[in-house]
Amino acid sequence: IIGVLESKGSVLFNNPDDQVYIPITVSQKIMKGENYLNVLRMKIDTEDNVEMVKGQVKQLLMARHNIREEGDADFSVRSALQALEVLGTITQSIRYFLVSIAAVSIIVGGIGITNIMLMVIKERTREIGLRKALGASPKNIEHQFLFESVILTFTGGFIGIVAGVLFSYLVFVLMKYLNFEWDFIVKISSVLAGVLISISIGIIFGVYPAKEAAKLNPIDALRYE
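All of the points below concern the structure found in this document.

About the cut-offs
- The numbers attached to residues start from 1 for each chain and follow its sequence in the written order.
- Given that this is a predicted model, residues contribute local features only at a pLDDT of at least 70 and side-chain atom pairs are listed and counted only at 80 or more, while totals for whole chains, interfaces and linings are drawn from all residues.
- The basis for every side-chain value is the complete set of non-hydrogen atoms in the structure, without hydrogens or water.
- In these notes, a set of buried Ala, Val, Leu, Ile, Met, Phe, Trp, Tyr and Cys residues joined through side-chain atoms within 4.5 Å is what counts as a nonpolar core.
- Burial status follows relative accessibility: with a 1.4 Å probe on protein chains alone, a residue under 20% of its type maximum counts as buried, one over 50% as exposed, and anything between as partly exposed.
- Only DSSP runs of H or I reaching four residues or more are called helices, and only runs of E reaching two or more are called strands; each is numbered from the N terminus.
- A contact between two residues is defined here by any heavy atoms of the two lying within 4.5 Å.
- A side-chain nitrogen of Lys or Arg and a carboxyl oxygen of Asp or Glu constitute a salt bridge if their distance falls within 4 Å.
- What a helix is expected to span follows from its residue count: subtract one and scale by 1.5 Å.
- An axis is simply a line fitted to the C-alpha atoms; with a helix, the fit covers only the stretch in contact. Between two such axes, the angle follows the N-to-C directions and lies from 0 to 180 degrees.
- Here the word oblique covers every angle except those under 35 degrees (roughly parallel), over 145 (roughly antiparallel) and from 65 to 115 (roughly perpendicular).
- By convention, the crossing between two helices is left-handed when the near helix turns anticlockwise from the far helix through less than a right angle, and right-handed when the turn is clockwise.
- For this classification, Asp, Glu, Lys and Arg are treated as charged, while Ala, Val, Leu, Ile, Met, Phe, Trp, Tyr, Cys and Pro are nonpolar and the rest, including Gly, are polar.
- Patch rule: a residue counts if its relative accessible area is over 30% and it has no salt bridge; like charges are joined within 9 Å, and nonpolar side chains (Val, Leu, Ile, Met, Phe, Trp, Tyr) within 5 Å.
- Under the convention used here, a 1.4 Å probe and the Shrake-Rupley method define accessible areas, while residue burial counts only the protein chains that appear.

**Focus on the nonpolar core**
For step 1, the next point in the chain: By size, the foremost hydrophobic cluster in this structure holds ten residues: Ile113, Met117, Ile121, Ile128, Ala136, Ile141, Phe145, Leu146, Ala210 and Ala213.
For step 2, the next point in the chain: Of all the secondary-structure elements, those providing two or more residues to this core are α3 (80–123), α5 (138–177) and α6 (188–215).
For step 3, the next point in the chain: Here Phe145 is in contact with Met117, Val120, Ile121, Arg124, Ile128, Ala210 and Ala213, once residues within four sequence places are set aside.
For step 4, the next point in the chain: One finds Met62, Ile67, Phe75 and Val77 within the second-largest nonpolar core, a separate group that totals six residues.

Structure follows, in structure tokens:
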């Protein structure tokens, strides 16, 4: 044993700390019985030189393999940038898919908030009539139920944020237990965005029930059973 490399930790499902490196000639003669290379990895000094080096490698291999046309090449030259582009495309598609699911969930949740507030208003019809009889204006009634709608959605959003943070932390602990390099990050901007969206849903879907409550006639409301 010549030496031990510095520990790097797991990357995705690959752990370089579990690998053993031997001379290529030993591998070819003793283990594989081959006199050629199946895979060759190269490290380029800068990203700007990737395409140039790819072209040079392709030309060199074609010359050594006595190949004239690129279409007849018995090898392939790829860069990590290509894999990153594919991965970025997949990630972007997943992001759009999750956004669409979130949008549908928000709409369904908003409709549920509207129905809940309408039921609340129906159960508190006499209370609304009594408030109006004591001098409350339609705007007062509208603001009251709009505020209650916002409180309802804000509470739900707060519970969702706490649950999301706890779930992320559990994933972080699990990944650390499995020796993966995983960071636990909670961005304040994301938390604020969640709070603002929750409040916005309460305002948007609470306007209609609040206006319906404000329209109630105090006499009819007091007679409601």
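**Overview of the environment of Ala63**
For step 1, the next point in the chain: Looking at where Ala63 falls in the secondary structure, it is placed in helix α2 (residues 50–64).
For step 2, the next point in the chain: Note on Ala63: relative accessible area 52%, which makes it exposed.
For step 3, the next point in the chain: Spatially, the C-alpha atoms of Ala63 and Glu47 are 25 Å apart, while their sequence positions differ by 16 residues.

**A closer look at the pattern of salt bridges**
For step 1, the next point in the chain: The full count for this structure, using the stated rule, is four salt bridges.
For step 2, the next point in the chain: Residue Arg124 is joined to Glu127 by a salt bridge in which the shortest nitrogen-to-oxygen separation is 2.9 Å.
For step 3, the next point in the chain: When its relative accessible area of 21% is taken as the criterion, Arg124 is described as partly exposed.
For step 4, the next point in the chain: Note that Arg124 is salt-bridged to Glu148, the shortest N-O span being 2.8 Å. Remark: Glu148 occurs in helix α5 and Arg124 occurs in the loop between α3 and α4 (125–133); sequence separation between them is 24 residues.
For step 5, the next point in the chain: A cluster of three or more residues bridged by salt bridges with shared partners is formed by Arg124, Glu127 and Glu148.

**Focus on α5**
For step 1, the next point in the chain: The end-to-end C-alpha separation of α5 is 59 Å, in line with the 58 Å expected for 40 residues at 1.5 Å each.
For step 2, the next point in the chain: Those residues of α5 that sit buried are Ile141, Glu142, Gln144, Phe145, Leu146, Ser149, Val150, Thr153, Gly157 and Phe172.
For step 3, the next point in the chain: In this structure, the buried residues of α5 make contact with α3, α4 and α6.
For step 4, the next point in the chain: Directly after α5, the chain includes Asn179, whose backbone phi takes a positive value near 65°.

**Structural notes on the environment of Lys211**
For step 1, the next point in the chain: In this structure, Lys211 sits in helix α6.
For step 2, the next point in the chain: It is 72 Å that separates the C-alpha atoms of Lys211 and Glu70, two residues lying 141 residues apart in sequence.

**Focus on the packing of α4 against α5**
For step 1, the next point in the chain: The contact between α4 and α5 brings their axes to 10 Å, and the two run at 140°. Taken together, α4 and α5 sit at an angle that is classed as oblique. Here α4 runs over α5; the crossing is right-handed. Along the contact surface, α4 presents Glu127, Ile128, Arg131 and Lys132, while α5 presents Pro138, Asn140, Ile141, Gln144 and Phe145.
For step 2, the next point in the chain: In the contact of α4 with α5, the residues fall into four nonpolar, two polar and three charged.

**Observations regarding a nonpolar patch on the surface**
For step 1, the next point in the chain: Residues Val86, Ile90, Ile94, Phe97, Leu98 and Ile101 make up a contiguous nonpolar surface patch of roughly 560 Å² in combined accessible area.
For step 2, the next point in the chain: Using a relative accessible area of 39% as the deciding quantity, one classes Ile101 as partly exposed.

**Thoughts on unusual backbone geometry**
For step 1, the next point in the chain: The backbone of Asn66 sits at a positive phi, close to 55°, despite the residue not being glycine.
For step 2, the next point in the chain: Considering the arrangement of structural elements, one finds Asn66 in the loop between α2 and α3.
For step 3, the next point in the chain: Asn66 gets classed as exposed once you look at its relative accessible area, which sits at 70%.

**Notes on the packing of α3 against α6**
Packed helix pairs are characterised by how far apart their axes lie and by the angle those axes make with each other.
For step 1, the next point in the chain: Across the interface, α3 lies against α6 with an axial gap of 9 Å and an inter-helix angle of 35°. For the element pair α3 and α6, the recorded crossing hand is right-handed. On the side of α3, the interface is formed by Ile106, Ile107, Gly110, Ile111, Thr114, Met117, Leu118 and Ile121, while α6 contributes Ile197, Ile201, Phe205, Tyr208, Pro209, Ala210 and Ala213.
For step 2, the next point in the chain: Per-class residue counts for the contact of α3 with α6 are 13 nonpolar, two polar and no charged.

The values are spatial; any link to function lies outside them.
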